[in-house]
Amino acid sequence: MDRRKFIKDLGIASASTLLISSSSACAQNTKLAAENNASFTVNRQMTDEVIAATYNNYYEFTNRKSTVWKKTDKFRTRPWEVEISGLVENPMTLDVDDLIKQMPIEERIYRLRCVEAWAMVVPWIGFPMKALLEKVQPKAEAQYVRMLTFLDADMAPEQQNVRMPWPYFEGLTLAEAMNDLTLLAVGIYGHILPPQHGAPIRLIVPWKYGFKSIKSVVSIELTDQKPRTFWNTLAPREYGFEANVNPNVPHPRWSQASERMIGTGKRHPTMIYNGYGSSVAHLY
């Protein structure tokens, strides 16, 4: 029934339309074994995998959430390298599959909150960003982490839009990046990330709005300067650097007082820090 309501909300003609395309939307079915970490769970219903796979923001491909999964069909996520550089003792460039083998992979169930006031509950598979940063050993003067996504307009046609400052870039304080909640995700729903979810590796910071969780990361740079961020560069009055979920700070276009669960349509009051205040409030 949740799927039917979701389909109706999208204006799709019949249930068969989405169900027939379910296997395509979730086509990245390479299994990724990971033990669930019971310390990271939520008391809400998990978002259906097909619904999560067909409702995405990925502006490099399209601004229509319901068609991102179709537009990413040419997106090649292997081979893929991630460079870790800047103010670190051991800079390195790693193949993403080698990186996965070296890191403590686990499943975590997190709330995902978009600044557009919708939300999901998602079972991410990944490793704490802290584990990677400890491997490269930040220098004493490092204070921030700057991240960058790919640039390839042949695969991502919206990157031809010269009004947007591609490639996508984001940033955290080093303390935020080292927080136990901060995850570098490489899988979802028991398999490796499909393209629309930010394959092959993406950031997850569950106490912040979703635009902070940069997708398809190619570069992680430690710096002593506060980095510029993509949406703050485009619209500084609408998108701040911190971007912590806060029901008391409305966005100019969306009230943040409540959130709508994708798939069920249920509304919940927004929680400060998306419910993760006990882990992150001390950072602010």
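Cut-offs applied
Residues numbered from 1 in each chain as written. Predicted model: local features only at pLDDT ≥ 70, side-chain atom pairs only at ≥ 80, totals over all residues. Heavy atoms only, no water. UniProt positions renumbered as here; feature names shortened; annotations may be inferred. Helix = DSSP H or I, 4+ residues; strand = E, 2+ residues; numbered from the N terminus. Buried < 20%, exposed > 50% of the residue type's maximum accessible area, 1.4 Å probe, protein only. Arc of directions from axis to C-beta. Polar contact = N/O pair within 3.5 Å; in protein donor to acceptor, adjacent residues only side chain to side chain. Contact = heavy atoms within 4.5 Å. Pairing = 2+ DSSP bridges. Axes fitted to C-alpha atoms, helices over the stretch in contact; angles between N-to-C directions. Phe/Tyr/Trp six-rings, centres within 6.5 Å; stacked < 30°, edge-to-face > 60°.

Q: Teacher, can you tell me more about the UniProt feature "domain: Oxidoreductase molybdopterin-binding" (unreviewed entry) in the protein chain here?
A: Per the UniProt record, "domain: Oxidoreductase molybdopterin-binding" (unreviewed entry) is annotated on residues 75–231. The straight-line gap between the two end C-alpha atoms of residues 75–231 is 23 Å; of that span, 13% is helix and 37% is strand.

Q: Please explain helix 7 (residues 129–136) as it appears in this structure.
A: In an α-helix there are 3.6 residues to a turn, and that puts residues three or four apart on one side. Among the residues of helix 7, Met129, Leu132, Leu133 and Val136 are the ones counted as buried. All buried residues of helix 7 lie within an arc of 95° about the axis, which places them on one face of the element. Of the residues trailing helix 7, Gln137 is marked for its positive phi of about 60°.

Q: What am I meant to see in unusual backbone geometry here?
A: Negative phi characterises most residues that are not glycine, and trans characterises most peptide bonds. Cis geometry is found at the peptide bond from Arg78 to Pro79, where omega equals -5°. Inspection of the secondary structure puts Pro79 in the loop between helix 5 (68–71) and strand 2 (81–86). Ala199 connects to Pro200 through a cis peptide bond whose omega is -5°. For Ser216, which is not glycine, the phi dihedral falls at a positive 50°. Of note, Ser216 is situated in the loop between strand 10 (202–204) and strand 11 (217–223). Exposure remark for Ser216: the relative accessible area of 0% places this residue in the buried category.

Q: Help me understand the side chain of Gln256, please; the structure alone is not making it clear to me.
A: Of note, Gln256 is situated in the loop between helix 9 (230–234) and strand 12 (258–261). Polar side-chain contacts of Gln256 include one of 2.8 Å to the backbone oxygen of Val115. Once residues within four sequence positions are removed from consideration, Gln256 is found in contact with Arg113, Cys114, Val115, Tyr209, Asn246, Pro247, Val249, Pro250, His251 and Thr270.

Q: Looking at this model, I keep getting lost on the sheet that holds strand 11. Mind explaining?
A: Within a sheet, neighbouring strands are paired by backbone hydrogen bonds and run either parallel or antiparallel to one another. Spatial ordering of the open sheet is given by 3-2-11-6-7, a layout of five strands whose pairing is mixed. Both outer strands of the open sheet, strand 3 (92–95) and strand 7 (169–173), are each paired with one neighbouring strand and no more. Taking the axes of each pair of neighbouring strands and ignoring which way they run, one obtains an average angle of 15° across the sheet. Two elements, strand 2 and strand 3, share four bridges in a ladder whose sense is antiparallel. In the sheet register, Glu81 faces strand 3, and the bridge partner there is Asp95. Set on the sheet, helix 7 makes contact with strand 2, strand 3, strand 6 (144–149) and strand 11; between it and strand 11 the angle comes to about 60°.

Q: Before we go on, may I ask you to explain the packing of aromatic side chains in this structure?
A: Two numbers describe a pair of aromatic rings. These are the distance of the centres and the angle of the planes. For the coordinates displayed, the defined rule picks out 18 aromatic pairs. Summarising the aromatic geometry, the rings of Phe40 and Tyr110 are spaced 6.0 Å apart at their centres and angled 80° between planes, so their arrangement reads as edge-to-face. In this pair, Phe40 is assigned in the loop between strand 1 (35–36) and helix 4 (49–53) and Tyr110 in strand 4 (residues 106–113), connecting sequence segments 70 residues apart. An identical accessibility class is assigned to Phe40 and Tyr110; each is buried. Summarising the aromatic geometry, the rings of Tyr144 and Phe241 are spaced 6.2 Å apart at their centres and angled 80° between planes, so their arrangement reads as edge-to-face. Of the two residues, Tyr144 sits in strand 6 while Phe241 sits in the loop between helix 9 and strand 12, which places them 97 residues apart along the sequence. Across the pair, Phe241 and Tyr144 agree in class, each one buried. Pairwise contacts between aromatic rings join Tyr59, Trp166, Tyr168, Phe169, Phe211, Phe230, Trp231 and Tyr239 into one cluster.

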